[in-house]
Amino acid sequence: MSTSNSVALRAVYTDLDGTDFSAGRELLTAAGFEVSYLDSQDSETIIAGAQDASALLVGYAQITREMIERMPTVKIIALMSMGFNNVDVDAATERGIWVTTIVGAATEEVAVHALTLALSLTRGIEFSRRAVEAGQWNERDSLVQPRLSECTFGLMGLGRIGMKLAELARPLFGEIIGYDPFIPDTDETRERFVAAGVRRVDAATVRSSSDVLSLHLPLTADTAAMVDAAFLGSMKPLSYLINVSRGGLVDSSAVRDALDSGHLAGAGLDVLDVEPPLPGHPLVGHSRALITPHIAYFSGQSEAEYVRMQAQNVVSWAKRGTPDTPLVPLAAPSLSIH
Ligand SMILES: NC(=O)c1ccc[n+]([C@@H]2O[C@H](COP(=O)([O-])OP(=O)(O)OC[C@H]3O[C@@H](n4cnc5c(N)ncnc54)[C@H](O)[C@@H]3O)[C@@H](O)[C@H]2O)c1
């Protein structure tokens, strides 16, 4: 994409929750962008701050259809996440606005985190820690811990993170099964699943047969609150639920009920429907819920990669007309920069 000297290149960061984005700022500045940081998730602040911006770089802020319509100069929305549920992607795409995500920068970290939650729960680590701290050395959990080599590990979503987790969990669990309706059934995919030791099953089977069921799919209109009371009721009794994907996939009250009734043995969650959770959240403080504060992606290396890849998407778009990792491919790089 060509840009004349008179065209202002302005990039606006919305919110980054304390992340050091100086490397991203440097990349953008070197490419000719004037960069500002709003430090806000407030919609009116973002709309006002992005009035003459061509690029919006987003952390956790919600970018709605109405906001997109009121930021007419914005041509690219660059997310600092793999998930994209905080942006109205349809509204952006309809207006020819690129939406970019961070692809694969924390696959290892997220898969390891999911496995860590699964291992902590199945080994009763939290219960034991509390017992030791309470001076109850001989206390034993009423839940009998399973032997992993006799357990089935189930994956919903066989993309990057799901498959990395399969590789990590394979030596520990008796069987790995997985469900993903969007991966075609071809010789190539069949060979890939065989090589990874994953038996592909249908949705009902992954729910009813998994001793540990881990979610690795995006939050969309189709998957929102997918894990509801009916879903949980169809899971194997005394099984464990792991969610490091997005909190909105899960109905938290239904999970609390399933834990209270003893149908679920435990829930390991890195993400919640409301982040940070409000006081009285049904799962925070529950003795069978192991919750971490949306840090599955985090390591020194991955955070730097997130910052770099987010800014690089904007720089690539400014230079070539197409970003590196667009969520939806757009037809032609025909939009002029404002
Ligand atoms: N907690 C964190 O810090 C963190 C960090 C990175 C990513 N994530 C989450 O992890 C998710 C997965 O990331 P990824 O890199 O593996 O993505 P990916 O796109 O490689 O894989 C997602 C898979 O989910 C499948 N899928 C979609 N709908 C499905 C459904 N209804 N049932 C079963 N499978 C379905 C897709 O076909 C795809 O194969 C992201 O969407 C993001 O929300 C969380």
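Each remark here, short or long, concerns the structure printed above.
Residues numbered from 1 in each chain as written. Predicted model: local features only at pLDDT ≥ 70, side-chain atom pairs only at ≥ 80, totals over all residues. Heavy atoms only, no water.

(A) Up close: the packing of helix α1 (residues 22-30) against helix α12 (residues 300-320). Contact geometry for α1 and α12: axes closest at 8 Å, N-to-C directions at 15 degrees. As summarised for this structure, α1 and α12 are arranged roughly parallel, according to the angle between their axes. When the axes of α1 and α12 are compared, the crossing they make is right-handed. Along its contact with α1, which presents Ala23, Gly24, Leu27 and Leu28, the element α12 presents Val307, Arg308, Ala311, Gln312, Val314 and Val315. (Axes fitted to C-alpha atoms, helices over the stretch in contact; angles between N-to-C directions. Helix = DSSP H or I, 4+ residues; strand = E, 2+ residues; numbered from the N terminus. Parallel < 35°, antiparallel > 145°, perpendicular 65-115°, else oblique. Left-handed = near helix turned anticlockwise from the far one by under 90°. Contact = heavy atoms within 4.5 Å.)

(B) Looking closely at the pairing of strand β10 (residues 239-243). The buried fraction of β10 amounts to five of the five residues, a majority that puts the element mostly inside the structure. Neither face of β10 is left uncovered, since the one carrying Ser239, Leu241 and Asn243 and the one carrying Tyr240 and Ile242 both have all their residues buried. Sheet analysis places strand β9 (residues 212-215) next to β10, joined by four bridges and oriented parallel. Bridged to Val212 within β10 is Tyr240. The pairing of β10 with strand β11 (residues 264-269) spans five bridges and is parallel. Looking across to β11, one finds that Ser239 is bridged to Leu264. Traced from β10 through helix α11 (residues 252-261) to β11, the parallel crossover comes out right-handed. (Buried < 20%, exposed > 50% of the residue type's maximum accessible area, 1.4 Å probe, protein only. Pairing = 2+ DSSP bridges. Right-handed = clockwise from strand over helix to strand, strands pointing away.)

Distances and angles like these do not, on their own, reveal function.
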